[in-house]
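# Chains, contacts and geometry: an overview
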Amino acid sequence: MTQPADGVQFFPAQPLPESGGWFVAWCWAPAPEPPADHWTSPWISVDVAAACDEQFSFLDLELDLWCSAEGAGIVDVEELDAAEADGLVDAVTADVARDAAEELYGALHSGHQGAFDGLGWRLLAEIRGRPAAEP
């Protein structure tokens, strides 16, 4: 199976400084022959999450963010609202998730190349065997 993009996932070692929230991020770069217009430029996707005791595991709190050359945004707000209304996420956790999303949105405004100090792009470049300037 051909993947439309190469990506690297990273988990932060510490919660976000302002909100205390957690996240998991992916940096994506198009494969050599992407199958659709959607895959033609690098982008970042982020899950707002709660930490778990198991390494490389997290509880997805519904809110997602994206960042590319076209900008950045928060999506799935209604999914978090529904999970809270259904009692799947308590009010305190939902508020931390919303605050974390706002904090992450601010971090993504540095642009897709500079977000998270470029960590994901450096990791991806290392894996792909390319210079970091060419994700």
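Details of the structure are given in the entry above.
Values in this document were obtained by computation on a predicted structure and should not be read as measured data.

## So, the sheet that holds strand β1 (residues 5-10)
Overall, antiparallel pairing links the five strands, which are arranged β1-β2-β3-β4-β5 in an open sheet. The strands lining the two open edges of the sheet, one partner per strand, are β1 and β5 (71-75). In this sheet, neighbouring strand axes are inclined to one another by 20° on average, regardless of whether the strands run parallel or antiparallel. Pairing geometry for β1 and strand β2 (residues 22-30), over six bridges, is antiparallel. What sits directly across from V8, in β2, is C27. Here helix α1 (residues 77-85) sits on the sheet and contacts β4 (58-68) and β5; the angle it forms with β4, its principal contact strand, is near 165°.

## Thoughts on the pattern of salt bridges
Inspection of every chain in the model, using the stated rule, returns three salt bridges. Between D95 and R98 there is a salt bridge, with its nearest N and O atoms 3.3 Å apart. Placement of both D95 and R98 in helix α2 (residues 91-108) is noted, with a separation of three residues, approximately one turn of the helix. Judged by relative accessible area, which is 41%, D95 ranks as partly exposed. Connected through salt bridges with shared partners, the residues D81, E84, D95 and R98 form a single ionic network.

## Things to note about the nonpolar core
Membership of the largest hydrophobic core comes to 29 residues, with the highest contact counts inside it found for F23, I44, V46, V48, L104, L108 and F116. Secondary-structure elements contributing two or more residues to this core are β1, β2, β3 (43-51), β4, α1, α2 and α3 (119-128). Ranked by residue count, the leading element in this core is α2, at six residues. Sequence-distant contacts of V46, defined by excluding residues within four places in its chain, comprise F23, V24, A25, L63, D64, L65, L104, L108 and F116.

## So, the packing of aromatic side chains
This model, assessed by the stated rule, comprises three aromatic pairs. Plain terms: the ring middles of F10 and F116 are 5.7 Å apart, the flat faces sit at 75° to each other, and that makes the pair edge-to-face. Of this pair, F10 sits in strand β1 while F116 sits in the loop between α2 and α3, and the two are 106 residues apart along the sequence. Like F10, the residue F116 is buried in the burial classification.

Parameters at a glance
Residues numbered from 1 in each chain as written. Predicted model: local features only at pLDDT ≥ 70, side-chain atom pairs only at ≥ 80, totals over all residues. Heavy atoms only, no water. Pairing = 2+ DSSP bridges. Helix = DSSP H or I, 4+ residues; strand = E, 2+ residues; numbered from the N terminus. Axes fitted to C-alpha atoms, helices over the stretch in contact; angles between N-to-C directions. Contact = heavy atoms within 4.5 Å. Salt bridge = Lys/Arg side-chain N within 4 Å of Asp/Glu carboxyl O. Buried < 20%, exposed > 50% of the residue type's maximum accessible area, 1.4 Å probe, protein only. Core = buried A, V, L, I, M, F, W, Y, C linked by side-chain atoms within 4.5 Å. Phe/Tyr/Trp six-rings, centres within 6.5 Å; stacked < 30°, edge-to-face > 60°.

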